[in-house]
Amino acid sequence: MQNIKVWDPAVRLFHWSLVIAFTANALILDDDSKLHQYVGYVVVGLVAFRVLWGFVGSQYARFSSFPPSVAGATEQLSDMATGRTKIHVGHTPLGALMIYNLLGTLAIIGASGYLMTTDMFWGVEWPEEVHELSVAWAEFSVVLHIAAVLFESRRTKVNLPRAMMTGVKTVPDAKGG
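Computed from a predicted structure; not experimentally measured. (Residues numbered from 1 in each chain as written. Predicted model: local features only at pLDDT ≥ 70, side-chain atom pairs only at ≥ 80, totals over all residues. Heavy atoms only, no water.)

1. So, the packing of aromatic side chains
Next up, step 1: Scanning the model with the defined rule gives seven aromatic pairs in all.
Next up, step 2: A ring pair is formed by Phe63 and Tyr100, whose centres lie 5.6 Å apart and whose planes are at 40°; its orientation type is tilted. With a gap of 37 residues between them, Phe63 in the loop between helix H2 (34–56) and helix H3 (70–82) and Tyr100 in helix H4 (residues 93–115) connect regions that are remote in the sequence.
Next up, step 3: Since its relative accessible area comes to 12%, Phe63 is described here as buried.
Next up, step 4: When the centroid spacing of 5.4 Å and the interplanar angle of 85° are considered together, the rings of Phe121 and Trp126 count as edge-to-face.
Next up, step 5: Classification of Phe121 as buried rests on a relative accessible area of 18%.
Next up, step 6: Cluster of aromatic residues (ring-pair linked, three or more members): Phe55, Phe63, Phe66 and Tyr100. (Phe/Tyr/Trp six-rings, centres within 6.5 Å; stacked < 30°, edge-to-face > 60°. Helix = DSSP H or I, 4+ residues; strand = E, 2+ residues; numbered from the N terminus. Buried < 20%, exposed > 50% of the residue type's maximum accessible area, 1.4 Å probe, protein only.)

In structure tokens:
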């Protein structure tokens, strides 16, 4: 087994801060409270930071290290179906698609939430409908993300949650990617 530093402190702080803020707004805080709005601004700030960090951050944080790839995602699904195991040091192709999905969805949630507070869109239904639909999609995506992380950890024998806590991914010596 080989230990590789993958997730820098900024990525890990972003990830776990986003987990806390999104969970608070989606499941705990009253939707009509000022605190819900403030936590929403924190989420938008975290997303903005992550987008910036995707261009200037460490090697595995950069978007260039995990471009969206339908071909890569299809190959990963094929590997899963046939029992092949390819270890990815950074994000897997399916993981990359999930990251882009979540960042985009959270941006839409933030924008629609903001629009609901403006005079121009006060009482207009579509921003609230977009907001609620996007939150539902994000919640579904988060559940799918957690299930996929657990599944891939078991399938590849790489403890992905531990890697996101420590920043170090322990991978088998014979494989890389």
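2. A word on a negative patch on the surface
Next up, step 1: Side chains of Asp30, Asp31, Asp32, Glu125, Glu128, Glu129 and Glu132 sit close together on the surface and give a patch of like negative charge.
Next up, step 2: Structurally, the position occupied by Glu132 is in helix H5 (residues 125–156).
Next up, step 3: On the basis of relative accessibility, which here comes to 48%, the residue Glu132 falls in the partly exposed class. (Patch = residues over 30% accessible without salt bridge, like charges linked within 9 Å, V, L, I, M, F, W, Y side chains within 5 Å. Areas by Shrake-Rupley, 256 points an atom, 1.4 Å probe, with all protein chains shown as cover. Salt bridge = Lys/Arg side-chain N within 4 Å of Asp/Glu carboxyl O. Lys, Arg positive; Asp, Glu negative; His and termini not counted. Charge placed at Lys NZ, Arg CZ, Asp CG, Glu CD.)

3. Observations concerning the packing of H2 against H4
Next up, step 1: Viewed as axis vectors pointing N to C, H2 and H4 meet at an angle of 140°, and their least axial separation amounts to 9 Å. By the angle class used here, H2 and H4 are oblique. Handedness of the H2/H4 crossing: left-handed. Where H2 abuts H4, its residues Tyr41, Val43, Val44, Val47 and Arg50 lie against Leu103, Leu106, Gly110 and Tyr114. (Axes fitted to C-alpha atoms, helices over the stretch in contact; angles between N-to-C directions. Parallel < 35°, antiparallel > 145°, perpendicular 65-115°, else oblique. Left-handed = near helix turned anticlockwise from the far one by under 90°. Contact = heavy atoms within 4.5 Å.)

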